[in-house]
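Each chain, written out:
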Amino acid sequence: HSSDKLYPVYDNRYWWSDAWDPKDYGRDFDFSRPFFEQFMELYSEVPQLAVINDNGVQSENCQYCQDFAFGKDCYLVVGSWYIRDSFYSTGSNYGSDMVDCHIMNNCELSYECMHGFNLYDCRFLYQSENCSECWFGLDLKGCKNCFGCTGLRQKEYWMFNKPYTKDEYFEKLASFQLSSYSGLNRLKQHFLEFLQTVPKSHIHALNCEGCEGDDLYNCKNVYGFDIYESEHCQFVDRINNAEYCYDIIQSGNPKWCYFCVTPDDSYMVAFSLWCWKSNFVYYSDSCHSSENLFGCVGMRRGKYCILNKQYGVEEYNSLRDKIIEHMKETGEWGEFFPIELSPFGYNETVAQEYFPLEKASVEKSKWRWSDDVVQDFITEASKDYQLPDEIVDVGDDILDKVLICELSGKSYRIIKAELEFYKKMNLPIPRLCPDERHRQRTKLRNPRTLFDRSCSDCGKELRSTRSLEEDPSVFCEDCYQKHVQ
């Protein structure tokens, strides 16, 4: 939260404590005014978490992570839970030792991987499952010791989709000099070029039935993207273990939730943001372990409250029903909070990452734009320090150095746990800052749009996140299996 926001911001440990009471901000509902107007007045006064995480409560040493829970020793991780010893990653759950990864589940020792499931000791794997000790792969399943391959099943000692003996494989692997930045970067570019020449399926889904979207795992009757172990959900993005949910983004274990942001471990929550472990909560923000709330902000273990004011059970039910009727008359009931009420500028949010807009377009829509967004910090690099090409030549003195990103010019540093990871994985120090590495990964993601296509082999009509411009040919599942080895 930038300093121009109206509401107070509390340190996370203090916010989660009993040192303050959200009910102190309670107020009566005014039936002569719209609901959203009254809610925003409450929202502008109730203290907000500095960042959305449970550090000091359920997480340990993870204070610089956002939308994060149940973790340990993580740094700059977003939208994740139940992980440890991980850095600069997004949407990664139930794992450890993940660096520069995106949408990973049950993975360990992973670097620059995306959309992975059950990976161990892997680097630069995309849309792959149940693999170990693999480098540079797309759509690998059950593979070990494979390099630069796509569409392989239960293979070992393959390179660029050709089989090798064990000795040949490791001899060739050593010749690549992957512990050096120059060697690793050369092979990465070669692999990305190789990807342009290989067959691709119109959708990436594993053990799914009646689903549409992309990157789906063990799902049934789902429409959305990046979804694990879920069923009967529509218009959802980055969720796991969800049931009967609609219009949900970034959540774990939601049940019967509608139009929410991160209703983790919640049941029957609607039109709400960041409400964890809650039941029967409507139009609320940052309410946790609560039930039967309407229009509340910052409640913990709250019950039968409206606009943070306490009511008895019968009084609450009666007033709630009257407010709903009032909202139907004003046209507010059933609608999410209008974007015009967001305290954040469009360019302060990841909306700008998925759907980039210029300031003029945002203001034309009468949305907020922030001119005070913190820009990349530029500081002078450590004088006379030459970053070694090989990881074996990097000493602990690098922890005191300021490095400069080769693309953005932004300054960045290497933290101790990060250096230990690179040495353990025999990887060179990255030449790009964490933000720029994230930007490069986003370029590899398919858009969150489905295009009407036809199979390049049999002509079957299908829908795919792969556009005609980016991928001139895609295959339906049956035809794609003909290319799988």
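See the structure printed just above.
Report follows, based on the coordinates. None of these values were measured; they are calculated from a predicted model.

Regarding the overall build of the protein
Scanning the protein from terminus to terminus reveals ten helices and 29 strands. At 24 Å, the protein has a C-alpha radius of gyration in line with the 23 Å of a compact globule built from 485 residues. Summarising its shape, the C-alpha atoms of the protein cover approximately 75 × 60 × 40 Å along the three principal directions. Each of the 485 residues in the protein was classed as buried or not, and the buried ones make up 52%. Put simply, 33% of the contacts in the protein that link residues at least 6 apart link residues at least 24 apart. Looking at the protein as shown, the accessible area adds up to about 22300 Å², and 49% of this sits on carbon and sulfur atoms. Taking the average location of the 52 positive side-chain charges in the protein and that of its 78 negative ones, the two points are 2 Å from each other.

Some points on helix α9 (residues 434–442)
Count 3.6 residues to each turn of an α-helix, and residues three or four apart come out pointing the same way. Every buried residue belonging to α9 is among Pro434, Glu436, Arg437, His438 and Arg441, and all of these are buried. Structurally, α9 contributes buried residues whose contacts are with β6 (90–93), β10 (114–132), α6 (351–354), β27 (411–412) and α8 (416–425).

Here's the deal with the pairing of strand β13 (residues 156–159)
The pairing of strand β12 (residues 144–150) with β13 spans three bridges and is classified as parallel. Bridging from a neighbouring strand, Cys146 pairs with Trp158 of β13. Taking the residues between adjacent antiparallel strands as the criterion, β13 and strand β14 (residues 162–163) are bridged by two residues, where Phe160 takes a positive phi near 45°.

Points about the pattern of salt bridges
Within the structure shown, the criterion is met by 32 salt bridges. For the salt bridge of Lys141 with Asp139, the shortest nitrogen-to-oxygen distance reads 2.8 Å. Close ionic contact of Glu212 with Arg463 constitutes a salt bridge, the shortest N to O distance being 3.2 Å. Note that Glu212 is positioned in strand β16 (residues 212–217) and Arg463 in strand β29 (residues 461–464), a separation of 251 residues in sequence.

Examining the packing of aromatic side chains
If you walk through the whole model with that rule in mind, you get 64 aromatic pairs. Between the aromatic rings of Tyr283 and Phe294, the centroid separation amounts to 5.9 Å while the plane-to-plane angle is 45°, which identifies the pairing as tilted. Taken together, the residues span a long stretch of sequence, with Tyr283 in the loop between β22 (279–282) and β23 (291–294) and Phe294 in strand β23 at a distance of eleven residues. Overall, Tyr283 belongs to the buried group, its relative accessible area being 0%. A relative accessible area of 0% places Phe294 in the buried class. When the ring centre of Trp15 is taken as reference, the NZ or CZ atom of Arg300 above it lies at 5.3 Å.

Examining the environment of Leu462
The topology assignment puts Leu462 in strand β29. In this structure the C-alpha to C-alpha distance between Leu462 and Ile203, which are 259 residues apart in sequence, comes to 9.4 Å. In this structure, Leu462 is in contact with His202, Phe451, Asp452, Arg453, Ser454, Cys455, Val474, Phe475 and Cys476, ignoring residues within four places of it in sequence.

Examining the side chain of His102
Structurally, His102 is set in strand β8 (residues 102–105). Residue His102 is classed as buried on the basis of its relative accessible area, which comes to 5%. At 2.6 Å, the side chain of His102 forms a polar contact with the side chain of Thr90. Contacts of His102, omitting those with residues within four sequence positions, involve Thr90, Ser92, Cys113, Met114, His115, Asp226 and Arg445.

Brief notes about the environment of Glu477
Mapped onto the elements of the fold, Glu477 is located in helix α10 (residues 477–481). Glu477 sits 164 residues away from Val313 along the chain, and the two C-alpha atoms are 53 Å apart. Every residue in contact with Glu477, bar those within four places of it in the chain, is listed here: Ser201 and His202. Polar contacts involving the side chain of Glu477 include one to the side chain of Gln481, which spans 2.6 Å.

Thresholds, definitions, all that
Residues numbered from 1 in each chain as written. Predicted model: local features only at pLDDT ≥ 70, side-chain atom pairs only at ≥ 80, totals over all residues. Heavy atoms only, no water. Helix = DSSP H or I, 4+ residues; strand = E, 2+ residues; numbered from the N terminus. Rg over C-alpha atoms; globule rule 2.2 N^0.38 Å. Buried < 20%, exposed > 50% of the residue type's maximum accessible area, 1.4 Å probe, protein only. Contact = heavy atoms within 4.5 Å. Areas by Shrake-Rupley, 256 points an atom, 1.4 Å probe, with all protein chains shown as cover. Lys, Arg positive; Asp, Glu negative; His and termini not counted. Charge placed at Lys NZ, Arg CZ, Asp CG, Glu CD. Pairing = 2+ DSSP bridges. Salt bridge = Lys/Arg side-chain N within 4 Å of Asp/Glu carboxyl O. Phe/Tyr/Trp six-rings, centres within 6.5 Å; stacked < 30°, edge-to-face > 60°. Lys NZ or Arg CZ within 6 Å of the ring centre and 35° of its normal. Polar contact = N/O pair within 3.5 Å; in protein donor to acceptor, adjacent residues only side chain to side chain.

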